[in-house]
Amino acid sequence: LDKISFNTRDFTKANNLFAELEFKSLIEPPVGGQASLFAAQKSVADYSWLKFEIIKTVEQLNVVLGEARRLGVLAIDLETTGLNFISSQIVGISLAYTEEKSYYIPIAHENVDFEQLKLSLVLDLLQPLLCNAKILKVLQNAKFDLHFLSMQGQHIPPAQIFDTMIAARLVRPEWQKVDLSTLA
């Protein structure tokens, strides 16, 4: 009973039990972070291994895209102001090519103390990778992001797209939730 006893105002003590029982959606997420888009072998309760970098310059973005091209994989996730791809806007883009580190490109955030890259510039730089059939594109709920990208004139061929949401449903059809926090 001591193992499962915890104060309802502080669930951190319950994280180990939730992890043991694979209640991933109940485990408290890292503050200000998102879990890996790749199949990590790390503990779900320990997020200290996650590394993030904010991309503020074209030079930084070119380095990330060059490495993704070299490795042949690019995970991409759009952050938007809403779910309607017609009326909502892209405010940021997350990228990764390994499980150790991810990158975030702020595009239309308010109250930041630096100049953000323009969406059109970022998409122009991303386009060669997105259209390259040799590059595996990893997306969560690809249909959502592809709709937003198509509204920006970016049309990605369906070849070489891996949708983690579809994969999760195929692997674990009993799962009701297959969002990124559940899959982490």
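Residues numbered from 1 in each chain as written. Predicted model: local features only at pLDDT ≥ 70, side-chain atom pairs only at ≥ 80, totals over all residues. Heavy atoms only, no water.

Participant: Before we go on, may I ask you to explain a nonpolar patch on the surface in this structure?
Facilitator: Residues Ile166, Leu170 and Val171 make up a contiguous nonpolar surface patch of roughly 340 Å² in combined accessible area. Positionally, Ile166 belongs in helix H5 (residues 164–171). (Patch = residues over 30% accessible without salt bridge, like charges linked within 9 Å, V, L, I, M, F, W, Y side chains within 5 Å. Areas by Shrake-Rupley, 256 points an atom, 1.4 Å probe, with all protein chains shown as cover. Salt bridge = Lys/Arg side-chain N within 4 Å of Asp/Glu carboxyl O. Helix = DSSP H or I, 4+ residues; strand = E, 2+ residues; numbered from the N terminus.)

Participant: Just to check I follow, could you spell out the environment of Tyr104 for this structure?
Facilitator: By the secondary structure assignment, Tyr104 is in strand S4 (residues 101–106). For Tyr104 and Ser94, which are ten residues apart along the polypeptide, the C-alpha to C-alpha distance reads 4.4 Å. Discounting residues that sit within four places of it in the chain, Tyr104 has contacts with Glu53, Ile54, Ile55, Glu79, Val91, Gly92, Ile93, Ser94 and His109. Side chain to side chain, Tyr104 and His109 meet in a polar contact 2.6 Å long. (Contact = heavy atoms within 4.5 Å. Polar contact = N/O pair within 3.5 Å; in protein donor to acceptor, adjacent residues only side chain to side chain.)

Participant: Looking at this structure, I do not really get the packing of helix H2 (residues 58–71) against helix H3 (residues 119–130). What am I missing?
Facilitator: Geometry of a packed helix pair, given as the angle between the helix axes and the separation of the axes. The geometry of H2 relative to H3 is characterised by a closest axis approach of 10 Å and an angle of 15° between their N-to-C directions. Relative to H3, the element H2 is oriented roughly parallel. Considering how the two elements wind past one another, H2 and H3 form a crossing that is right-handed. Between H2 and H3, the residues in contact are Val58, Leu61, Asn62, Leu65, Ala68 and Arg69 and Leu121, Val122, Leu125, Leu126 and Leu129, respectively. Along the lines of polarity and charge, the residues of the contact of H2 with H3 split into nine nonpolar, one polar and one charged. (Axes fitted to C-alpha atoms, helices over the stretch in contact; angles between N-to-C directions. Parallel < 35°, antiparallel > 145°, perpendicular 65-115°, else oblique. Left-handed = near helix turned anticlockwise from the far one by under 90°. Nonpolar A, V, L, I, M, F, W, Y, C, P; charged D, E, K, R; others polar.)

Participant: Looking at this model, I keep getting lost on the packing of aromatic side chains. Mind explaining?
Facilitator: Two measures describe an aromatic ring pair: the distance that separates the ring centres and the angle between the ring planes. Across all of its chains, the model carries two aromatic pairs by this definition. Relative to Tyr103, the ring of Tyr97 lies with its centre 5.7 Å away and its plane at 25°, an arrangement referred to as stacked. Taken as a pair, Tyr97 and Tyr103 share a single burial class, namely buried. Ring geometry for Phe144 against Phe148: centres 4.8 Å apart, planes inclined by 55°, an arrangement best described as tilted. Of this pair, Phe144 and Phe148 both sit in helix H4 (residues 142–151), four residues apart, which is roughly one turn of that helix. Between the NZ or CZ atom of Lys56 and the centre of the ring of Phe114, over which it lies, the distance is 4.6 Å. (Phe/Tyr/Trp six-rings, centres within 6.5 Å; stacked < 30°, edge-to-face > 60°. Buried < 20%, exposed > 50% of the residue type's maximum accessible area, 1.4 Å probe, protein only. Lys NZ or Arg CZ within 6 Å of the ring centre and 35° of its normal.)

Participant: What should I look at first to understand the pattern of salt bridges in this one?
Facilitator: Opposite charge on two side chains lets them pair, provided their charged atoms get close. Across all of its chains, the model carries two salt bridges by this definition. A salt bridge links Lys101 to Glu53; its shortest N-O distance comes to 2.8 Å. Highlighted residues: Lys101 in strand S4 and Glu53 in strand S1 (residues 51–54), separated in sequence by 48 residues. On the basis of relative accessibility, which here comes to 25%, the residue Glu53 falls in the partly exposed class. The partner of Glu67 in a salt bridge is Arg70, with the nearest N and O atoms 2.5 Å apart. With Glu67 and Arg70 both in helix H2 and three residues apart, this pair spans about one turn of that helix. Overall, Glu67 belongs to the partly exposed group, its relative accessible area being 24%.

Participant: Explain the environment of Leu146 to me, please; I cannot follow it from the model alone.
Facilitator: Examined against the element boundaries, Leu146 turns out to sit in helix H4. On a C-alpha basis, the gap between Leu146 and Phe85 in space is 9.5 Å, while along the polypeptide they are 61 residues apart. Every residue in contact with Leu146, bar those within four places of it in the chain, is listed here: Ile156 and Ile161.

Participant: Honestly, the nonpolar core in this entry has me stumped. Any pointers?
Facilitator: Generally speaking, nonpolar side chains in soluble globular proteins are found buried as a group. Ranked by size, the top nonpolar core spans 33 residues in total, and within it Leu61, Ile93, Leu95, Ile105 and Leu126 carry the most contacts. Secondary-structure elements contributing two or more residues to this core are H2, strand S2 (73–80), strand S3 (90–96), S4, H3, strand S5 (136–139) and H4. Among the elements that make up this core, the one with the highest residue count is H3 (six residues). Not counting the four nearest positions on each side in its chain, Leu126 is found in contact with Leu65, Leu74, Ile76, Ile93 and Leu95. (Core = buried A, V, L, I, M, F, W, Y, C linked by side-chain atoms within 4.5 Å.)

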